[in-house]
Amino acid sequence: MITQPVTVLDHHYQELSIDGKDVIKGLTEKRKNLPPKYFYDDPGSLLFEKICELPEYYPTRTEAWILQQYADEIVEITNCCELIELGSGSSTKTQVLLDAYQKIAKSCRYLPIDVSGGILKTSVLQLQEKYPDFAIHGLLGTYEQALVHLESNYLQSRMLFFLGSSLGNFNPEECDIFLNQVSRTLQPGDYFLLGIDLQKPQDILEAAYNDSQEVTAAFNLNMLSHLNWRFQGNFDINLFRHQAVYNQVDHQIEMYLHCRKSHWVNLEILDFKVYFAEGESILTEISRKFDLVTMQKQLQSKGLNTVKTWTDEKSWFGLILCQF
Ligand code: AVI
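This one's a predicted model, so the numbers in the text were calculated from it and none came from an experiment. (Residues numbered from 1 in each chain as written. Predicted model: local features only at pLDDT ≥ 70, side-chain atom pairs only at ≥ 80, totals over all residues. Heavy atoms only, no water.)

**Considering the overall build of the protein**
Here's step 1: Looking only at helices and strands, the protein features eleven helices and 14 strands.
Here's step 2: The C-alpha radius of gyration of the protein comes to 20 Å, within 12% of the 20 Å expected for a compact globule of 324 residues.
Here's step 3: Considering only C-alpha atoms, the protein reaches an extent of 60 × 50 × 35 Å along its principal axes.
Here's step 4: Expressed as a percentage of its 324 residues, the buried residues of the protein come to 49%.
Here's step 5: Distance between charge centres in the protein, computed from 28 positive and 42 negative side chains, equals 2 Å. (Helix = DSSP H or I, 4+ residues; strand = E, 2+ residues; numbered from the N terminus. Rg over C-alpha atoms; globule rule 2.2 N^0.38 Å. Buried < 20%, exposed > 50% of the residue type's maximum accessible area, 1.4 Å probe, protein only. Lys, Arg positive; Asp, Glu negative; His and termini not counted. Charge placed at Lys NZ, Arg CZ, Asp CG, Glu CD.)

**Thoughts on the packing of helix α4 (residues 58–78) against helix α5 (residues 94–103)**
Here's step 1: Look at α4 against α5: their axes get within 9 Å of each other, and the N-to-C directions meet at 50°. On the basis of their axis angle, the class for α4 and α5 is oblique. Two packed elements cross with a definite hand, and for α4 against α5 that hand is right-handed. Contacts between α4 and α5 involve Leu67, Gln68, Ala71, Asp72, Ile74, Val75 and Thr78 from the first element and Val96, Leu97, Ala100, Tyr101 and Lys103 from the second.
Here's step 2: By residue class, the composition of the contact of α4 with α5 is eight nonpolar, two polar and two charged. (Axes fitted to C-alpha atoms, helices over the stretch in contact; angles between N-to-C directions. Parallel < 35°, antiparallel > 145°, perpendicular 65-115°, else oblique. Left-handed = near helix turned anticlockwise from the far one by under 90°. Contact = heavy atoms within 4.5 Å. Nonpolar A, V, L, I, M, F, W, Y, C, P; charged D, E, K, R; others polar.)

**Section: the pairing of strand β13 (residues 305–311)**
Here's step 1: In terms of strand pairing, β13 meets strand β14 (residues 317–323) through six bridges, oriented antiparallel. For Asn305, the partnering residue across the bridge sits in β14 and is Gln323.
Here's step 2: Where β13 hands over to β14, the hairpin turn is made up of five residues, of which Ser315 adopts a positive phi near 55°. (Pairing = 2+ DSSP bridges.)

**Description of unusual backbone geometry**
Here's step 1: Positive phi, close to 60°, is recorded for Ser165, a residue that is not glycine.
Here's step 2: Despite not being glycine, Asp271 shows a phi value in the positive range, around 55°.
Here's step 3: You can see Asp271 is positioned in the loop between β10 (263–267) and β11 (272–276).
Here's step 4: On the basis of relative accessible area, Asp271 is assigned to the exposed category, the value being 72%.

So this is what it looks like as structure tokens:
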């Protein structure tokens, strides 16, 4: 019997989540903004992979280093049967954990979850070949859909993990909702492994999001090309300029597209026209930078108690393992 490597969590997902209402809403607000999910069309996903390799963009390699150092210890502590990864992407970093699980010859179930069907399917097929003793099955959907699905499909002891500091792209309210949902998918004794980017000097943060090769600029501007393609728009990317600034009060990087010259933009499929004044900005992403102790307290308020934390030598990135 050939089983499908990926389960689509909501067959209407594509139509439902990209009806563009959020674009209209964001661009009609006083401080214009766009949801970061529009970064990730195919070219955007490729640009993000390139960002992860940039010399200035430390989070990916720092988290990978921590995982390499401590994967055996994580496996020894958790020793669970079902590994679930939210926002798995290419699952590259995860393989360090899967290797460590394989060493203790445990037959695990690995469920990678992503919104991007292409990358999910490819990585599931590759992983099935690499780890023939593991049951590997992808779930295609949003975090929210996946967490609802997991809540009502509990099989065995779990470790849920959310790496790459993707939590930082949620505002505090979204973060709270997300963590509530996470704890609803866990049973007493289950684990949650969270990777978070930590607060550090402004110059290091701003360099990571304003890289010298301008890959992050291309990634940010690509959002407008994506909207053009999806909604038959006429954004001219030459009329916008990328900038990322660190907001020291809210401890977050804010990525903007600044308009160089006043003009109108039309998104035909949405039947929507919007005016940009010269100097006006669109906020396309926040990337929050956390304090390890404060985050542990927030997790604890959701019943997620820290078992152990790990960081790198400079304390730039943190991994928190908690138990429900
Ligand atoms: C996906 N996310 C955790 C990245 C970040 O650092 O907030 C997205 C990113 N934006 C610009 N560079 C990377």
